[in-house]
Amino acid sequence: MRDEILFAKNIAKSFGALNVLNSINLSIKRGDRYTLFGSNGVGKTTLVKILSTIMPADSGELILFGKKINRRVKDIKNFIGFMSHESFLYNELTAWENLNFYADLYSINEKEKKIEDILKEIGLFHRSYDRVGTFSRGMRQRLSLARAILHSPELIFLDEPYAGLDIKAQKMLNDIIRRLNNEGKTFFFIIHNIAEVFNITNKIGILSQGKIVYEFEGDEKKNFTDKYQEVIRRETN
Amino acid sequence: MINSYFILSLMILASFRFVFSIVDFSLTDLASPILWITFFFAGLFSLSPTYKREVEQGTKDGLMIAPISLSSVFFGKLMSNLLVIICLEMFSLVIFFVFFPVQIPDITALLFLIIIGTIGYVTLGNVISAISANLKQSEIMIPVLLVPVLLFTIIMSTVSATSLIFSGANIIVVLDEIKFILAFDFAFLALGYLLIDYILEP
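Residues numbered from 1 in each chain as written. Chains lettered and ligands numbered in written order. Predicted model: local features only at pLDDT ≥ 70, side-chain atom pairs only at ≥ 80, totals over all residues. Heavy atoms only, no water.

(A) View of the sheet that holds strand 7 (residues 155–159) of chain A. Residues and elements named next belong to chain A. Strands sit in the order 6-7-8-3-9-10 across an open sheet of six strands; the sheet is mixed. Of all strands in the sheet, those with a lone pairing partner are strand 6 (80–83) and strand 10 (211–217), marking the two edges. Averaged over all neighbouring strand pairs, the angle between strand axes comes to 15 degrees, with direction disregarded. Here strand 3 (residues 33–37) runs beside strand 8 (residues 186–190); their pairing, made up of four bridges, is parallel. Looking across to strand 8, one finds that threonine 35 is bridged to phenylalanine 189. Relative to the sheet, helix 5 (residues 167–182) contacts strand 3, strand 7 and strand 8, its axis offset from that of strand 8 by approximately 145 degrees. (Pairing = 2+ DSSP bridges. Helix = DSSP H or I, 4+ residues; strand = E, 2+ residues; numbered from the N terminus. Axes fitted to C-alpha atoms, helices over the stretch in contact; angles between N-to-C directions. Contact = heavy atoms within 4.5 Å.)

(B) Expanded view of the interface of chain B and chain A. Taken together, the 17 residues of chain B in the interface contact 23 residues of chain A. For the chain B and chain A pair, buried surface summed over both sides reaches about 1900 Å², with 57% attributable to carbon and sulfur atoms. Looking only at chain B, the three residues that lose the most surface to chain A are B:Gln57, B:Ile65 and B:Pro67, adding up to 34% of its buried area. Between the two partners, chain B and chain A, sit two salt bridges. In this structure, B:Arg53 engages A:Glu92 in a salt bridge whose closest nitrogen and oxygen atoms are separated by 2.7 Å. Counting every contact that joins chain B to chain A gives seven residue pairs in polar contact (both at pLDDT 80 or more). Mapped onto the side of chain B that touches chain A, the elements with two or more residues apiece are helix 3 (49–57) and helix 4 (60–65) of chain B. The element contributing the most residues to the side of chain B that touches chain A is helix 4 of chain B, with five residues. Its residues assigned to classes, the side of chain B that touches chain A comprises eight nonpolar, five polar and four charged. (Buried area = accessible area lost by both parts, 1.4 Å probe. Salt bridge = Lys/Arg side-chain N within 4 Å of Asp/Glu carboxyl O. Polar contact = N/O pair within 3.5 Å; in protein donor to acceptor, adjacent residues only side chain to side chain. Nonpolar A, V, L, I, M, F, W, Y, C, P; charged D, E, K, R; others polar.)

(C) Layout of the pairing of strand 8 of chain A. All names here are of chain A. The buried count for strand 8 comes to five of five residues, which makes it a mostly enclosed element. Residue alternation in strand 8 divides its side chains into two sets, Thr186, Phe188 and Ile190 and Phe187 and Phe189, and both sets are buried. The β-α-β motif built from strand 7, the intervening helix 5 and the parallel element strand 8 has right-handed crossover chirality. (Buried < 20%, exposed > 50% of the residue type's maximum accessible area, 1.4 Å probe, protein only. Right-handed = clockwise from strand over helix to strand, strands pointing away.)

Remember, this is a structural readout, not a statement about activity or role.
This is the structure:
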């Protein structure tokens, strides 16, 4: 039986008078490939930032890898990888320097070898010593993925990972996801295009009006499209 | 960008030199204010992008998700700012003695005062830079927030002590001012260390 690595109970978050998240309850087991859907502005990125410990919730409980998360928990972050639509890359540094910087932050052993291997895997080894500021959107996205998985995290959050990627790069990303998932890594996706992940996701959640209103697992995924349209109709009424 | 800070300090000193070629003032009395105005305003512009660039480039969350304490980010940025600004001040000091025919005072005492005064204003400047990083016009907010606090703490003491040094006093004479400056340096460092988690938290 797979162990539970993320448990969220009654997570809430507001920004001033705006209640973004009301009562988020979520359970993710090791090896899951969870995809969160929702309309623009519904709070998906906010939720992901809370679950990945970038941002604290206003209330509720978050347990990651069996540890209750509070402000002072640092060591848990070693097990978390995060790829956002912001790349977290420094434009003035080269690809190698960016990865080297993050390798130092995560105290990675044999970092030169790991950086070289990951740059080869994402197809950017030939651009190792070029400044990131000269990269295209797709190249930055690939390098951002490399940064997110460099320290071999157990739980990987990918927010719009396919944005800006061509077909070849999308296939590369899927290959990396499958490889890491076979190694026991857990994924949490935010995706807008269901077709991108329907085959590789095993759990889907729909976020609407501050709550996860529906969840589908396994064969239940076939009901996703109808339920999602129902949610959109409710939101527009 | 760093080159522009050096050019700015050169322009400030050149402006004062121009003024003093027209108007007759006692250089010994005004040496200290000229130096500290140059240090402060040239250094101020290097403080603004300290945290702002992390927000603009989207790299701030990369630091937030890393398994590091935010106080280490604070002290890292503080050290790099101190290095740049102290180099800037040494450059300005050399240019000052070239432009202005002032007798060189006790240089050890002068350098010591410059360093401890700089630690104070750069530390507080870093704290305010972190606070104002998410604000739209942080370049204006930093001097607006920084100057009133520094004026009645670090600035008065450092300018007063530096004036005494230029008048020929040794370091023993300015011991009270030094204690005051060091107390504020420690207070600002403690403030930064204690508050940085709350300041940087999204």
